[in-house]
Amino acid sequence: MINIKTPISFLRSSISVKHLFVNLLFTPIIITLTANTPTSSAMNLFKNFSLPTVEIIQNNGYDVEVHQAITADGYILELHRIPRSKNGQEPTRNHPVFVHHGILGTSADWVLAGASMSLPMQLADAGYDVWLANCRGNTYSRKHISMTYKQKAFWNFSLHEVGKYDLPASIDYILGKSNTSQLHYIGFSMGTCVFFIMGSERPEYQPKIRSQISLAPVAFLSHTRSSLRFIAPHAKMLNVMYQRMWKGMLMPQSGIQKFFASTLCREKIMQKMICEKCILFSVCGSDPYHFDTKLIPLIMGHFPAGTSANLAAHFSQFILKDTFGQYDYGRDMNLRIYNSTEPPTYNLNSIRVPITLIYGENDVLANPIDVMKLKAKLPMVLDSFPAKSRYFNHVDFLYSTNVNQEINDPVKEILQKTDDLDWTYTGPVATATAVAVDAVVPVFSQPPIQTLQLNPLSGVVNMAPSLEFFAENLDAIIANTMPRPVDEHDAAVFDREREQQRLLFGGVIRFAQAAEKKYGQFRKEITNEISGWADDAATDSESRVKQTAVMVNDKIKFAGNSVVGAVGIAEHFVVDGVGKAEQTVVGSIGKAQNYVNQGLSKADLTVNSALNATVGRVGRVLWFWK
């Protein structure tokens, strides 16, 4: 039976409620921002703020090539190559440079700020053959030799597969095309994490790395101050939701994202209050003084670019556990896959590659304490130092107005030294127990990190954080994700910033709660109306069915009587016919029997006469012989 109430089932979904409320919230803003925009300009808004990597590089005056590398498990990765300098000079350096993006990023992250800030473009001008990575699942690497990205199996990967398969496939392809035996590797955030996984799981690739530079290195995340730490305890539940609803795909690039980037995030007020504080600041963190806010529309036009829910859950695992290990499938699956209830940890001490760690002292995501723990486990650390600015945060490695002085220039100096064919690593090779972690953690002048005390809601178990959770813990969350003040002036500025965020987020939460309450009432009224209509329709239908049943029964009864009468008449005709037929048959049998009897009598007389004549002739013959 068809359930009449099925069409309204979506009203019971809290996710639908939140999506609807967000759309209703931003609709008047979007209309206001685009009301005076010419049609031709409006049609180009998406394009202007979300140009593909290739077009961005070309618009900056550089040649670009698109290549494809195929992994051992069938993923097709798109690589973007800057083969020569802006003035057309062929590479003069000895080894190519392979540059890898962070989580939910693409190759566009490195170039959207333009040549004046882009590390890859500047390296191309310095004579390097530059290759930009795109890991599986992002905007440019959503192909497979036997699957499509719409299949659930396509998204069944974590950081482990990116490190074990994506990097080796890309490295082999680059070395083959450039006809070299080694390359330099530069990774940002997740790009460093997957390198450490490759170094541990695929040791045969260590000799292929001339040097490695880690920007905002990520392996241990137990001290992170990012708002992601509040989502991490619910990562498994969220992963289940993404597996069921989106086949494991997480935050792909979308049209609505590009629309917000080209409207909402390009207006200064909304740019500062929504896009920077709500989206970038609380998750990745930025220098409050030197972050280039003009880049926000471009950043939001490309980020996020999609990955798998398993990969995000793998990162959450690093936050919850003070270990750097393989993906945790749960106790039972771990026993089947790893023969252990806990996933194995990656052997960082086995990585014999010269590594440079560059970190930010105010990085809310890659906390210096976690970076120093990583340093203590790596045996060949060429160098380790923070960015010069004490305010330097996570996204500033790409988008700070001082990125050249803080990051790009030091990176070029390191590459110039390690690219020399006569250069070899001559530093110490540490062992797993040679240096204690506490011995290498620097003492920072900022206030010590406070352990965040949250107030869990009663009765809420293993669910994604709700609006009530954030409302209850808003002050603690904001205080934890704020940059650390460096001097007294900062304290006053950051206090005002904290108050602004409290008012902003508090207002958004209250609006969302009110909207959800109103929408709940509206949903209840609509549900009651439709339910009443459905009940009335069902009652009316039932009455009509009963009337129809009575009519049908009468017709059946009448038809039955007619059939009985017709059967009786037919039976009478049949009986009479059978009787007549029997009489005809009996008469015919009698006549046939008489005919037979008469024929037999005549036959007997004829035979007897012939026999008597024959006997007489025989008797006369016998008499003659005598």
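Everything that follows concerns the structure shown earlier in this document.
Described in the following lines is the structure provided in the data block.

What counts, and where the lines are drawn
- Residues numbered from 1 in each chain as written.
- Predicted model: local features only at pLDDT ≥ 70, side-chain atom pairs only at ≥ 80, totals over all residues.
- Heavy atoms only, no water.
- Helix = DSSP H or I, 4+ residues; strand = E, 2+ residues; numbered from the N terminus.
- Buried < 20%, exposed > 50% of the residue type's maximum accessible area, 1.4 Å probe, protein only.
- Contact = heavy atoms within 4.5 Å.
- Areas by Shrake-Rupley, 256 points an atom, 1.4 Å probe, with all protein chains shown as cover.
- Core = buried A, V, L, I, M, F, W, Y, C linked by side-chain atoms within 4.5 Å.
- Axes fitted to C-alpha atoms, helices over the stretch in contact; angles between N-to-C directions.
- Parallel < 35°, antiparallel > 145°, perpendicular 65-115°, else oblique.
- Nonpolar A, V, L, I, M, F, W, Y, C, P; charged D, E, K, R; others polar.
- Expected span 1.5 Å × (residues − 1).
- Pairing = 2+ DSSP bridges.
- Phe/Tyr/Trp six-rings, centres within 6.5 Å; stacked < 30°, edge-to-face > 60°.
- Lys NZ or Arg CZ within 6 Å of the ring centre and 35° of its normal.
- Salt bridge = Lys/Arg side-chain N within 4 Å of Asp/Glu carboxyl O.
- Polar contact = N/O pair within 3.5 Å; in protein donor to acceptor, adjacent residues only side chain to side chain.
- Patch = residues over 30% accessible without salt bridge, like charges linked within 9 Å, V, L, I, M, F, W, Y side chains within 5 Å.

1. Quick look at the overall build of the chain
In terms of helices and strands, the chain carries 20 helices and 11 strands. Among the 626 residues that make up the chain, the fraction classed as buried is 45%. Considering only contacts in the chain between residues 6 or more positions apart, those separated by 24 or more positions represent 78%. Surface accessibility of the chain: about 32,200 Å² in total, with carbon and sulfur atoms responsible for 58%.

2. Some thoughts on the nonpolar core
Core analysis: the biggest nonpolar cluster contains 53 residues, and Phe98, Leu159, Phe195, Phe196, Phe324 and Leu378 have the highest contact counts within it. Among the elements that line this core, the one with the most residues is helix α6 (residues 190-201), at seven residues. Grouped together as the second largest cluster of nonpolar side chains are 43 residues, Ile56, Ile186, Ile213 and Ile358 included.

3. Focus on the packing of helix α8 (residues 235-246) against helix α12 (residues 309-320)
Where α8 meets α12, the axes come as close as 9 Å, and the angle between the chain directions of the two elements is 180°. With respect to each other, α8 and α12 are oriented roughly antiparallel. Counting all contacts with α8, which are made through Ala235, Asn239, Tyr242 and Gln243, the residues of α12 involved are Ala309, Asn310, Ala313 and Ser316. Among the residues forming the contact of α8 with α12, the class breakdown is four nonpolar, four polar and no charged.

4. Let's talk about α6
Over its 12 residues, α6 extends 16 Å from the first C-alpha to the last, a length consistent with the 16 Å expected when each residue adds 1.5 Å. Counting buried residues in α6 gives 11 out of 12 residues, a clear majority hidden from the surface. Taken together, the buried positions of α6 are occupied by Met190, Gly191, Thr192, Cys193, Val194, Phe195, Phe196, Ile197, Met198, Gly199 and Ser200.

5. As for the pairing of strand β10 (residues 355-359)
Most of β10 is tucked away, with five of its five residues classed as buried. On β10, burial covers both faces: Ile355, Leu357 and Tyr359 on one face and Thr356 and Ile358 on the other are all buried. Two elements, strand β7 (residues 209-215) and β10, share four bridges in a ladder whose sense is parallel. Directly across from Ser214, in β10, lies its bridge partner Leu357. Across five bridges, the pairing between β10 and strand β11 (residues 381-386) is parallel. Its bridge partner being in β11, Thr356 is matched across the sheet by Asp383.

6. Observations concerning the packing of aromatic side chains
According to the stated counting rule, one finds 18 aromatic pairs in the structure shown. An aromatic cluster is present here, built from Phe220, Phe315, Phe318, Phe324 and Tyr346 joined pairwise through their rings. Geometry around Tyr149 places Arg142 over its ring, the cationic atom sitting 4.1 Å from the centre. We note Lys373 situated over the ring of Phe220; from NZ or CZ to the ring centre the distance is 4.6 Å.

7. Focus on the pattern of salt bridges
Inspection of the entire model under this criterion finds 13 salt bridges. Taking the shortest distance from any N to any O, the salt bridge between Glu342 and Lys321 comes out at 3.0 Å. Of the two residues, Glu342 is situated in the loop between α13 (331-338) and β10 and Lys321 in the loop between α12 and α13; the sequence distance between them amounts to 21 residues. Here Arg390 makes a salt bridge to Glu361, at a shortest N to O gap of 2.6 Å. You can see Arg390 sitting in the loop between β11 and α15 (396-399) and its partner Glu361 sitting in the loop between β10 and α14 (368-377), a full 29 residues away along the chain. By relative accessible area, which is 13% here, Glu361 ends up buried. If you follow the salt bridges from partner to partner, you end up with Asp63, Arg84 and Glu90 in one network.

8. What about the side chain of His101?
Along the polypeptide, His101 turns up in the loop between β3 (97-100) and α4 (119-125). Residue classification places His101 among the buried residues on the basis of a relative accessible area of 1%. Among the polar contacts listed, one links the side chain of His101 to the side chain of Asn138, at a separation of 3.5 Å. Residues in contact with His101, not counting those within four places in the same chain, are Thr106, Ser107, Asp109, Trp110, Ala133, Asn134, Cys135, Asn138, Phe188, Met190 and Gly191.

9. Considering the environment of Leu421
Residue position: Leu421 is located in the loop between α16 (403-418) and α17 (437-440). The class of Leu421 is exposed, set by a relative accessible area of 56%. Here the alpha-carbon distance between Leu421 and Asn94, two residues 327 residues apart in the chain, equals 7.3 Å. Ignoring anything within four residues of it in the chain, the contact list for Leu421 reads Asn94, His95 and Arg210.

10. Digging into unusual backbone geometry
Of note, the phi angle at Leu104 is positive, near 60°, even though the residue is not glycine. By the element assignment, Leu104 lies in the loop between β3 and α4. Not every positive phi belongs to a glycine, and Met251 is a case in point at roughly 50°. Its location among the elements puts Met251 in the loop between β8 (249-250) and α9 (255-262).

11. Description of a nonpolar patch on the surface
Where nonpolar side chains cluster on the molecular surface, the patch consists of Tyr329, Met333 and Ile337 and spans about 250 Å² of accessible area. Here Met333 shows up in helix α13. A residue is classified by how much of its surface remains accessible, and Met333, at 33% relative accessible area, is partly exposed.

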